[in-house]
Amino acid sequence: MSGSHLSRRDFMKAATGAVGGVITAALGIPVIGFLIAPALREDKAGAPIAVGKLEDIPVGKFHPFSFTITKVNGWERTASNYGGFILRNSEAPDDILILSSRCTHLSCTVNWNESANAFLCPCHDAKFGPEGQVLDGPPPEPLGHFEYSVDDQGVLTIVPVELKSEA
Amino acid sequence: MWQKLYTWLDERLGLGDMYANLLDRPEPKGNWWNTLGSASLFLFILQGATGIFLTVYYTPSPDHAYDSITYIMNDVAFGWLIRGIHHWGASLMVLVVFIHMVRVFVTASYKYPRELTWLIGVGLLLLTLGMGFTGYLLPWHQMAYWATTVGTQIAGSVPFLGEFILKALRGGPDLSALTLQRFFSAHIWMLPALLAGLIGVHLYLIIRHGESHFPDEED
Amino acid sequence: MNEETKKTISEKYERELQKGERFWPDSIFKDVVVSLGLFVLLLLLATFVGVHTPPKADPSDTSYIPRPEWYFLFLFKFLALYGQIPVLGKIEFIATVIIPGAAILVLTLLPFIEKSPYRHYGKRVLPISVMALFIVSMVTLTMIADIPTTSGTDGVYVAGIAQTIGGLVVPGLAFLGLFIMAFTLKQKAKKGMIWTTVIASVLMVVFTGLTLVYAPTVEAEAAEVPVTLPDQITAGQDLYSVHCVECHGDDGSVSVIEGVEGLEGEELTPINSRDVLYTITDSAMQEVIAYGRPTAGMNPFGKAYGGELTRSEIDYIVTFMRYAWDDRFEMPPVKPLYPALAEGEVPSYDVHIAPIVKRYCISCHRAGKENNNYLMGTYDEILHSGDNGPNVAAGDPESILLLTIQGTPILDDNGDELIGTMPPNKQLKADIIDVFLRWVMAGMPQTAEEAAALSTAPLPTPTP
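The model shown is predicted, which means the values in this text are computed figures rather than measured ones. (Residues numbered from 1 in each chain as written. Chains lettered and ligands numbered in written order. Predicted model: local features only at pLDDT ≥ 70, side-chain atom pairs only at ≥ 80, totals over all residues. Heavy atoms only, no water.)

**Student:** How would you sum up the overall build of chain A? Please name residues and give values.
**Tutor:** From N to C terminus, chain A includes one helix and 10 strands. Counting from the amino terminus, helix and strand elements in chain A follow one another as α-β-β-β-β-β-β-β-β-β-β. Computed over C-alpha atoms, the radius of gyration of chain A comes to 28 Å, more than 25% over the 15 Å expected from 2.2 N^0.38 for 167 residues, which places it beyond the range of a compact globule. Projecting the C-alpha coordinates of chain A onto the three principal axes gives extents of approximately 100 × 40 × 25 Å. Buried residues in chain A amount to 32% of all 167 residues. Across chain A, the fraction of contacts at a sequence separation of at least 24, relative to all contacts at a separation of at least 6, is 44%. Working note: accessible area of chain A is about 9,800 Å², and carbon and sulfur atoms make up 55% of it. (Helix = DSSP H or I, 4+ residues; strand = E, 2+ residues; numbered from the N terminus. Rg over C-alpha atoms; globule rule 2.2 N^0.38 Å. Buried < 20%, exposed > 50% of the residue type's maximum accessible area, 1.4 Å probe, protein only. Contact = heavy atoms within 4.5 Å. Areas by Shrake-Rupley, 256 points an atom, 1.4 Å probe, with all protein chains shown as cover.)

See below:
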């Protein structure tokens, strides 16, 4: 008799624990999805953006430019500013290099320094060469670049997605 | 190994004493009506958990409150579930706490030596209603906006002090961003802190005096 | 309470403990089972009932009827009924502060008011009667909370009288009766109090029933609020089509207004231009729509300034403009205006014609516009209204509506134009004209069922 009584109690203890576990899991698993949902959203490539007329961009010189992308983040539309440098190596409309100004180390903005003939990052003294290659400092990879196209009127249009450059 | 770990912890935390004093207590013969108090506690914890998660996305500002909740409901994974539980849980909690109060009233469990438990219980009931009132405004929809306008106006009808109370509740003469912000603050910090503290005292008193027994002809 | 009684109580409790159970696991097990039940209930409610979403708060839209959470409804109704009492009803704080305050005070101090040591309900008839009456009034007041206290018209308003009696008079008299009995009859009052409570409760339930039966039928709540982005864009486009197209054109490109009385030839900036979209923020656009540009000829549209649109509606229009015209935003997939028609399928008013009319016609064909009194707001109006009506005749390809949308103006006896082509500025797309043709030729079915019945007919020959 006492044996069966004990086992009834053990059953109650086990059942209580199990129910507690079920409730925790039924709430906990959705909550994980709830918290990480924004991280699972895919970034969408924006529409191409015109950055200027070819004739206004000097040849053989780094020409800084910037553009704004409006993104829908959650319920908010926010504009983010991006920038970079256009280098026309020659008059040919397809001989262009467009580098991002975002340092590949920790995303500070690099500037072209004429005397050093390099892009210098003001944060941790990174140094990138004219092709974006790493010359010195902590960055793990070269500066990113943008794909572009030039239309009949000579308008330079870029795809606002930063691409990794080959080392 | 486990035995050693348990002994080590027990020496420091007093797990055995805790078990003996908190869990392994004798109680009068139970009744399903006696579960309402713990059900209220369960709902409080559930509301706390879902509420904390909702603040990850919710923004207490007239410009964003409505949109952020629309976002939670439509674009966040399981947002509808977390908000749904919090929304319905609020109603259920008011209902369960109220029925718990009625049960204690009918069995006269508030009598000696449990007068203080009752007093704190009434405080908990009022705080629960306060949570419902402050939480109702947060989605910042038409219904909430106008109901809160009327609700705070009721406080404004107090003789002499009405105007002052009204402004203190709303953070100004009108329902505004300040109202939303202070209702939010009350809803997620002040009232829950008070609730949690009073629940602690309520539970201490229950353990101290034991659960009351169901009254019979003798009582 | 003397020491003797305290000792008796403690001893009784000790005896109860002897017969009792352990907190863990006996009591906790029950607690957990109930908690699980509540949790499952919440999951079901969240999944299958969801959360109703009213439109966004709009301080300028005062037509909204405020409703508190359901658990405050009884108080809400009590205030409304109390306000009907002559003279006393004008002293508001009695109902808002004194009565609820007194109730809370009594509840709080209950252990110090009811000091008898007895716990069994048979020995506590007065408190239990009071509580029972209180709960019954709470429930009945909650149930009739939505029914207006007065009808606003002269004559006998049964629901109003019934709710005043059931919600105020009966409980008031019953409480009074209970206290008088308790203080005059003392011990002998038991039966009287029980009967008072039972009769009062039954009366309250009966009068609540009467109120509900005689209550005026209330119009159903307005349509669902669009919550997803595509729905908001569609809602915005529909509103734009009604309120804005006349001057700005369906794509916002109009730079010189044509065919609008009083604004003919007025110049404006195309609102689909980058100049406008890139430089004017959402909130600025909302203000422009709400306040208008009165000196430039644009009327206010927001309710705050005497227009028709609520804040949310203006919000949807701006959302539509952004996603449709601003090249920085990508249009999400939006549901088509009407489901495409299969070969031989007959369109219905409800599914096809209504959304098309809303998008392309209502802008002018509604009250207050110059339209020969041809209104297109409802099925009946489309069929029967208009100075030259009926504008549609079942199976008649020469119906005025069909001719005008296909580019044939209607001429009067002198050969002057009576009705121009429709819509005046831009012809409808061929597939939309086809929907109208099929609809009129098939006899203008209203519902989808009627249309489906016509579609299955083997030979849909037009009536001569």
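**Student:** Can you tell me about the domain arrangement of chain C, naming the residues and giving the values?
**Tutor:** Annotation of chain C at the domain level lists domain 1 (18–51), domain 2 (66–214), domain 3 (229–325) and domain 4 (349–455). A C-alpha centroid distance of 61 Å is found between domain 1 of chain C and domain 4 of chain C. (Domains from an automatic or database assignment.)

**Student:** Can you break down the packing of helix 6 (residues 125–143) of chain C against helix 8 (residues 190–214) of chain C residue by residue, with the values?
**Tutor:** Residue and element names in this part refer to chain C. With their axes 10 Å apart at the nearest point, helix 6 and helix 8 run at an angle of 0 degrees to one another. Here helix 6 is positioned roughly parallel relative to helix 8, judged by the angle of their axes. Counted together, V125, L126, S129, A132, L133, V136, S137, T140 and M143 of helix 6 and K190, M193, I194, T197, A200, S201, M204, V205, T208 and L212 of helix 8 form the full contact between these two elements. When grouped by side-chain class, the residues that make up the contact of helix 6 with helix 8 number 12 nonpolar, six polar and one charged. (Axes fitted to C-alpha atoms, helices over the stretch in contact; angles between N-to-C directions. Parallel < 35°, antiparallel > 145°, perpendicular 65-115°, else oblique. Nonpolar A, V, L, I, M, F, W, Y, C, P; charged D, E, K, R; others polar.)

**Student:** Which residues make up the interface of chain A and chain B, and what values go with them?
**Tutor:** Between chain A and chain B, the contact holds 14 residues from the first and 23 residues from the second. Summing the contributions of chain A and of chain B, the shared interface buries around 1,500 Å²; its carbon and sulfur component is 77%. Contact with chain B buries surface across chain A, with A:L27, A:F34 and A:W75 losing the most and accounting together for 49% of the total. Our enumeration of links across chain A and chain B arrives at zero salt bridges. Our enumeration of links across chain A and chain B arrives at four residue pairs in polar contact (both at pLDDT 80 or more). (Buried area = accessible area lost by both parts, 1.4 Å probe. Salt bridge = Lys/Arg side-chain N within 4 Å of Asp/Glu carboxyl O. Polar contact = N/O pair within 3.5 Å; in protein donor to acceptor, adjacent residues only side chain to side chain.)

**Student:** Run through the state of the cysteines, naming residues and quoting values.
**Tutor:** If you walk through the whole model with that rule in mind, you get one disulfide over all chains. At a sulfur-sulfur separation of 1.8 Å, the disulfide partner of A:C108 is A:C123. Residues A:C108 and A:C123 are joined through a disulfide that is left-handed, its torsion about the S-S bond being -100 degrees. Taken together, the residues span a long stretch of sequence, with A:C108 in the loop between strand 4 (96–100) and strand 5 (111–113) and A:C123 in the loop between strand 6 (118–120) and strand 7 (127–128) at a distance of 15 residues. There is no disulfide at C:C244, and the cysteine sulfur nearest it, in C:C247, is 9.0 Å away. (Disulfide = S-S within 2.5 Å.)

**Student:** An account of the sheet that holds strand 10 (residues 155–158) of chain A is needed here, citing residue identities and associated values.
**Tutor:** All names here are of chain A. Pairing within the open sheet is antiparallel, and its three strands lie in the order 1-10-9. The outermost strands of the open sheet, each flanked by one partner alone, are strand 1 (49–53) and strand 9 (148–150). Shown here is a sheet whose adjacent strand axes are inclined to one another by a mean of 25 degrees, direction ignored. Sheet topology places strand 1 next to strand 10; four bridges connect them, and they run antiparallel. Pairing of K53 across the sheet is with V155, part of strand 10. (Pairing = 2+ DSSP bridges.)

**Student:** Explain the pairing of strand 3 (residues 76–88) of chain A residue by residue, including any values.
**Tutor:** Residues and elements named next belong to chain A. Bridge count between strand 2 (residues 62–73) and strand 3: 12 bridges; the pairing is antiparallel. Bridging from a neighbouring strand, H63 pairs with I86 of strand 3. Between the end of strand 2 and the start of strand 3, which pair antiparallel, lie two residues, with G74 showing a positive phi angle near 60 degrees. In this structure, strand 3 lies alongside strand 4, joined through five bridges in antiparallel fashion. Along strand 4, the bridge assignment pairs G84 with S100.

**Student:** Give me the lowdown on the nonpolar core, citing residues and values where you can.
**Tutor:** Residues B:L43, B:L46, B:Y58, B:I85 and B:W118 are the most contacted members of the largest nonpolar core, which totals 72 residues. Of all the elements in the fold, those that place two or more residues in this core are helix 1 (2–40) of chain A, helix 3 (36–54), helix 4 (65–74), helix 5 (79–106), helix 6 (115–137), helix 7 (142–155) and helix 9 (177–209) of chain B together with helix 2 (23–49) of chain C. Per-element accounting of this core gives the leading share, 11 residues, to helix 5 of chain B. The residues touching B:Y58, leaving out its near neighbours within four places in the chain, are B:A65, B:S68, B:I69, B:I72, B:L138, B:L180 and B:F184. Core analysis: the second largest hydrophobic core is formed by 26 residues, C:L341, C:I353, C:Y379 and C:L383 among them. (Core = buried A, V, L, I, M, F, W, Y, C linked by side-chain atoms within 4.5 Å.)

**Student:** Tell me about the packing of aromatic side chains, residues and numbers included.
**Tutor:** Scanning all chains against the criterion turns up 31 aromatic pairs over all chains. On the basis of an interplanar angle of 80 degrees and a centroid distance of 5.4 Å, the ring pair of C:Y240 and C:W325 is categorised as edge-to-face. Of the two residues, C:Y240 sits in helix 9 (residues 229–243) while C:W325 sits in helix 13 (residues 311–325), which places them 85 residues apart along the sequence. An identical accessibility class is assigned to C:Y240 and C:W325; each is buried. Linked through ring pairs, B:F133, B:F183, C:W70, C:Y71 and C:F72 together constitute an aromatic cluster. Taking the ring centre of C:F23 as reference, the NZ or CZ of B:R25 above it sits at 4.3 Å. The positively charged end of B:R114 is found above the aromatic ring belonging to C:Y13, 5.1 Å away from the centroid. (Phe/Tyr/Trp six-rings, centres within 6.5 Å; stacked < 30°, edge-to-face > 60°. Lys NZ or Arg CZ within 6 Å of the ring centre and 35° of its normal.)

**Student:** Give a description of the interface of chain B and chain C that names residues and reports values.
**Tutor:** Opposite the 83 residues of chain B that make contact, chain C presents 77 residues. Roughly 7,600 Å² of surface becomes buried between chain B and chain C when both sides are summed, with 68% attributable to carbon and sulfur atoms. Of all residues in chain B, B:W88, B:Y112 and B:Q142 give up the largest surface area on contact with chain C, accounting jointly for 10% of the area buried on that side. At the boundary of chain B with chain C, the tally comes to six salt bridges. As a salt-bridge pair, B:D24 and C:R22 come within 3.2 Å of each other at their nearest N and O atoms. At the surface where chain B touches chain C, the tally comes to 33 residue pairs in polar contact (both at pLDDT 80 or more). Counting residues per element, the ones that place at least two in the side of chain B that touches chain C are helix 2 (15–23), strand 1 (26–27), helix 3, helix 4, helix 5, helix 6 and helix 7 of chain B. A total of 18 residues in the side of chain B that touches chain C trace back to one element, the largest contributor, which is helix 5 of chain B.

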